[in-house]
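Okay, here's what each chain looks like letter by letter:
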Amino acid sequence: MTGKDVPGLLEAKGTIPVGTKINVTFLGNEDLEMRVAAAKAVREFGFVPVPHISARRLSSQTQLEEFLGRLQEVGATNSVFVVGGDPTTPEGPYEDSFDVIRSGILPSYGVREVSIAGYPEGHPDISEGKLWKALEDKSASLKEQGLDATILTQFAFDTDPVLAWIKEVRARGIDTPIRIGTPGPAGIKRLLGFARRFGIGANAMIVKKYGFSLTNLMGTAGPDKFVEDLARLLADDPSTGSGTGATGSGTGATGSGTGATGSGTGMSGAATNATGSVKLHFYTFGGLLATSEWARDFAAADS
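Let me begin by describing the structure that accompanies this report.

Conventions and cut-offs
Residues numbered from 1 in each chain as written. Predicted model: local features only at pLDDT ≥ 70, side-chain atom pairs only at ≥ 80, totals over all residues. Heavy atoms only, no water. Helix = DSSP H or I, 4+ residues; strand = E, 2+ residues; numbered from the N terminus. Buried < 20%, exposed > 50% of the residue type's maximum accessible area, 1.4 Å probe, protein only. Polar contact = N/O pair within 3.5 Å; in protein donor to acceptor, adjacent residues only side chain to side chain. Arc of directions from axis to C-beta. Contact = heavy atoms within 4.5 Å. Salt bridge = Lys/Arg side-chain N within 4 Å of Asp/Glu carboxyl O. Phe/Tyr/Trp six-rings, centres within 6.5 Å; stacked < 30°, edge-to-face > 60°. Pairing = 2+ DSSP bridges. Axes fitted to C-alpha atoms, helices over the stretch in contact; angles between N-to-C directions. Left-handed = near helix turned anticlockwise from the far one by under 90°. Nonpolar A, V, L, I, M, F, W, Y, C, P; charged D, E, K, R; others polar.

## Observations concerning the environment of arginine 179
As for its placement among the helices and strands, arginine 179 is situated in strand 6 (residues 178-183). Owing to a relative accessible area of 16%, arginine 179 belongs among the buried residues under this scheme. Between the C-alpha atom of arginine 179 and that of lysine 279, which follows or precedes it by 100 residues, the distance is 4.6 Å. Polar contacts involving the side chain of arginine 179 include one to the main-chain carbonyl oxygen of leucine 280, which spans 3.1 Å.

Here you go:
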């Protein structure tokens, strides 16, 4: 969620399970007070705030520590999501999210879990080789610091590249839990707009598989088919580190770095083994309430 989404969270909170992780963005048009207030509201409503730290938006180490200090005051530093951020030129000393992570500053402010970005379909501005090296370096650094980690991925419409990417993550020896970016129900035009912005595959064949058509852009689409297909593929392939299940409960938030909006939830019935687990991370393109209601109803039908 953004700093402006507190009213939307209040509207949706009755449909979101207590303890759900909700991401809080670090946007350029928001200030420190808005970001901290949003994280505080998430916690006061009974959820777990996951504030974003946008590396290239930080003008100095002092700004980073001020932000972390204020978050710690409201009990919102246990989990954070460190992203590179949108600016092409860093506004300060941090070139990317790895620079923030390897600084060693995060644990000093109570951070215990750090989410990092994953890109199953690549990134329009970063080579595949650099993406894999960044994922490996960040995972190793967090492990060395004794911090828990989670990989939050960019959203997708097609489960095939997602499954291939999960298998490659595990083949590279990265056992970090993964949450697959999943769009909540939203207008088709809006979904396609975000797909174009973030380089997500959305040709006629892919979107038909997902559940809508490029010839009819007036309706809405939900992730039912995507989630069902992903659960089936994971259940059939133990090398990915997950068992069976569809979606779990909860939703929430927005995100920068891996997309526009997003929140964490689980895959009910998902098993965990030595190679880690695979769950879901919702992007609430159609709003917090629409996504949380969808997750609640889908989980109830799956139980």
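Right, picking up where we left off after that structure.
## Structural notes on helix 7 (residues 188-198)
Taken residue by residue, helix 7 has Ile188, Leu191, Leu192, Phe194, Ala195 and Phe198 as its buried positions. End-on, the buried residues of helix 7 take up no more than an arc of 160°, which puts them together on one face. Projecting away from the buried face of helix 7 at angles above 90 degrees are the exposed residues Lys189, Arg196 and Arg197. Structurally, helix 7 contributes buried residues whose contacts are with strand 5 (148-155), strand 6, strand 7 (186-187), helix 8 (204-210) and strand 8 (220-221). Once helix 7 ends, the next one or two residues include glycine 199, with phi positive near 70°.

## Some points on the pattern of salt bridges
Taken as a whole, this structure holds 15 salt bridges when the rule is applied. For glutamate 168, the salt bridge identified is with arginine 172, shortest N-O distance 2.8 Å. Linked through salt bridges whose partners overlap, the residues forming this network are Asp158, Asp160, Lys209, Asp229 and Arg232.

## Describing the packing of aromatic side chains
Scanning the model with the defined rule gives 14 aromatic pairs in all. Ring centres 6.2 Å apart and planes at 50° place the aromatic pair tyrosine 210 and phenylalanine 226 in the tilted group. With tyrosine 210 in helix 8 and phenylalanine 226 in helix 9 (residues 224-236), this pair connects stretches of sequence that are 16 residues apart. By relative accessible area, tyrosine 210 is classed as buried at 1%. Looking at phenylalanine 226, the relative accessible area reads 2%, which means it is buried. Ring geometry for tryptophan 294 versus phenylalanine 298: centroids 4.7 Å apart, planes at 20°, classification stacked. Of this pair, tryptophan 294 and phenylalanine 298 both sit in helix 10 (residues 288-302), 4 residues apart, which is roughly one turn of the helix. With a relative accessible area of 11%, tryptophan 294 lands in the buried category. Given a relative accessible area of 9%, phenylalanine 298 falls into the buried group.

## Overview of the pairing of strand 4 (residues 113-118)
The buried fraction of strand 4 is high, at 6 of 6 residues. Every second residue of strand 4 is oriented toward a common face, with Glu113, Ser115 and Ala117 on one face and Val114, Ile116 and Gly118 on the other, all of them buried. In this sheet, strand 4 lies alongside strand 3 (residues 79-83) in parallel orientation, the contact comprising 3 bridges. Its bridge partner being in strand 4, valine 80 is matched across the sheet by valine 114.

## So, the packing of helix 2 (residues 32-44) against helix 3 (residues 61-73)
A pair of packed helices is characterised by two quantities: the angle between their axes and the separation of those axes. In contact at an axis separation of 10 Å, helix 2 and helix 3 are set at 30° when each is read in the N-to-C sense. In the packing of helix 2 onto helix 3, the handedness of the crossing is right-handed. Contacts between helix 2 and helix 3 pair Leu32, Glu33, Arg35, Val36 and Ala39 from the former with Glu66, Phe67, Arg70 and Leu71 from the latter. A breakdown of the residues in the contact of helix 2 with helix 3 according to their chemical character gives 5 nonpolar, no polar and 4 charged.

## Concerning the pairing of strand 10 (residues 278-283)
Counted residue by residue, strand 10 has 5 buried out of 6 residues, so it is predominantly covered. Sheet topology places strand 6 next to strand 10; 6 bridges connect them, and they run parallel. What sits directly across from isoleucine 178, in strand 10, is valine 278.

So yeah, pure geometry; function would need other evidence.
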